[in-house]
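Each chain, letter by letter, is given below.
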Amino acid sequence: MVDIHCHILPALDDGARGEEVSAAMAAMAIEDGITHIVATPHANYQYRFDPEINRQKRDRLQQSVGDGLTLLLGCDFHLSYENLESLRLDPKRYTINATQYLLVEFADNSIPPGMDQIFSGLLTGEIVPIITHPERNPLLAEDTEQLRKWIDLGCLVQVRANSVVGRFGKMALKSSQTLLRHDMVHFIASDAHNTTTRAPVLSEARRVIAAERGEEVAEALCGSNPLAVVEGRGLPWRPEPAPVAPRKWYSFLR
């Protein structure tokens, strides 16, 4: 399995607090059957994003881990004006493994204005946005049609493994189930921050998806699709998303 969203590098953001935690996360991922992890520190107003420091910490952790796990670099990209300008000048500073794919994160309770234009601009510039954990956003849970329009535009979607298995509450569980049933998910990732509450584990979510959608879909979401991303290829599994009737976000709590 391949994890394209993980805060495994030490002392960069709200993820791993130190090298011991990073090493423990790597060991846990290997035990779970994960072969590649993309380290994705935040790039926002709160945390300094420095690719050279990230690379040094990745190299140090890779040396410690050995050949059991391949560590790659990416970013948890926040859509500020400053970030977008920096991305325009140097996209490989932020993309996954210097490919065309970019993790894009919204706040849990809002969507920035003008997203259609922003996504269109990124795609025109040959940058493919991967929208992270939309199941956590009540606005997108209420208006799944908006997410489908962005997928039709060319965006991709990543859901958290913990959402699929019910560890982020009823709304995230039901929203992720809806997105999976309507072929609006392209990747499952851990978005791991530690070894306890947000661990780098994908196998449990993979088993749930295999039971509900079949082995082919589970393999695509946890294996072949994320592997294609880190290698800079087109996705081998990319079905047409089906429309979903809109629901009020609080209905997911019932």
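Our subject is the structure that appears above.
Read on for an overview of the structure. All values derive from a computational prediction rather than experimental measurement. (Residues numbered from 1 in each chain as written. Predicted model: local features only at pLDDT ≥ 70, side-chain atom pairs only at ≥ 80, totals over all residues. Heavy atoms only, no water.)

### Some points on the overall build of the protein chain
Scanning the protein chain from terminus to terminus reveals 10 helices and 9 strands. Taken against the 2.2 N^0.38 rule, which gives 18 Å for 254 residues, the C-alpha radius of gyration of the protein chain at 17 Å falls within 12% of a compact globule. For the protein chain, the spread of C-alpha atoms along the three principal axes comes to 50 × 40 × 30 Å. Counting all 254 residues of the protein chain, 53% fall into the buried class. (Helix = DSSP H or I, 4+ residues; strand = E, 2+ residues; numbered from the N terminus. Rg over C-alpha atoms; globule rule 2.2 N^0.38 Å. Buried < 20%, exposed > 50% of the residue type's maximum accessible area, 1.4 Å probe, protein only.)

### Brief notes about the packing of helix H1 (residues 19–32) against helix H2 (residues 51–65)
With their axes 10 Å apart at the nearest point, H1 and H2 run at an angle of 55 degrees to one another. As judged from the angle between their axes, H1 and H2 are oblique. The chirality of how H1 crosses H2 is right-handed. Touching Glu19, Ser22, Ala23, Ala26 and Ile30 of H1 are Arg60, Leu61 and Val65, all from H2. (Axes fitted to C-alpha atoms, helices over the stretch in contact; angles between N-to-C directions. Parallel < 35°, antiparallel > 145°, perpendicular 65-115°, else oblique. Left-handed = near helix turned anticlockwise from the far one by under 90°. Contact = heavy atoms within 4.5 Å.)

### Focus: the pattern of salt bridges
Think of it this way: side chains of opposite charge can pair up when their charged atoms draw near. Taken as a whole, this structure holds 14 salt bridges when the rule is applied. Notably, a salt bridge pairs arginine 213 with aspartate 183, separated by 3.0 Å at the nearest N-O pair. A residue pair is termed long-range when its members are at least 10 positions apart, and arginine 213 in helix H9 (residues 203–213) and aspartate 183 in the loop between helix H8 (170–181) and strand E9 (187–189) qualify at 30 residues. By relative accessible area, which is 18% here, aspartate 183 ends up buried. Because the salt bridges share partners, they merge into one network encompassing Glu145, Arg148 and Asp152. (Salt bridge = Lys/Arg side-chain N within 4 Å of Asp/Glu carboxyl O.)

### A word on the nonpolar core
Core analysis: the biggest nonpolar cluster contains 56 residues, and Ile8, Phe106, Phe119, Trp150 and Ile188 have the highest contact counts within it. At 5 residues, the largest contribution of residues to this core is made by helix H10 (residues 215–230). Sequence-distant contacts of tryptophan 150, that is, excluding residues within four places in its chain, are made with Phe106, Ile111, Met115, Asp116, Phe119, Ile131, Leu140 and Cys155. Grouped together as the second largest cluster of nonpolar side chains are 16 residues, Val38, Ile96, Tyr101 and Val230 included. (Core = buried A, V, L, I, M, F, W, Y, C linked by side-chain atoms within 4.5 Å.)

### What to know about the packing of helix H4 (residues 115–124) against helix H6 (residues 144–153)
H6 packs onto H4 with a crossing angle of 20 degrees between their chain directions and a minimal axis gap of 10 Å. One way to sum up the angle between H4 and H6 is to call them roughly parallel. Crossing geometry of H4 relative to H6 is assigned as right-handed. Where H4 abuts H6, its residues Met115, Asp116, Phe119, Ser120 and Leu123 lie against Gln146, Trp150 and Leu153. Considering only residue class, the contact of H4 with H6 consists of 5 nonpolar, 2 polar and 1 charged. (Nonpolar A, V, L, I, M, F, W, Y, C, P; charged D, E, K, R; others polar.)

### Observations regarding the side chain of aspartate 76
Along the chain, the position of aspartate 76 falls in strand E5 (residues 76–78). In this structure, aspartate 76 is buried with no salt-bridge partner, the nearest side chain bearing the opposite charge being arginine 160 at 6.7 Å. Within the local environment of aspartate 76, its side chain forms a polar contact with the side chain of histidine 5, the two groups lying 3.2 Å apart. Apart from the residues lying within four places of it in its own chain, the contact partners of aspartate 76 are His5, His7, Thr40, Pro41, His42, Ala43, Leu103, Glu105 and Thr132. (Lys, Arg positive; Asp, Glu negative; His and termini not counted. Polar contact = N/O pair within 3.5 Å; in protein donor to acceptor, adjacent residues only side chain to side chain.)

### Observations regarding the sheet that holds E5
Spatially, 6 strands are ordered E3-E5-E6-E7-E8-E9 in an open sheet, and the strand pairing comes out parallel. At either end of the open sheet lies a strand with only one pairing partner, and these are strand E3 (42–43) and E9. Relative to strand E6 (residues 101–105), E5 runs parallel, the two being bridged by 2 bridges. The partner of histidine 78 across the bridge, within E6, is glutamate 105. (Pairing = 2+ DSSP bridges.)

### A look at the side chain of arginine 206
Along the chain, arginine 206 turns up in helix H9. Relative accessible area serves as the criterion here: at 17%, arginine 206 is assigned to the buried category. Those residues in contact with arginine 206 that lie beyond four places of it in its chain are Met1, Glu215, Ala218, Glu219 and Cys222.

Distances and angles like these do not, on their own, reveal function.
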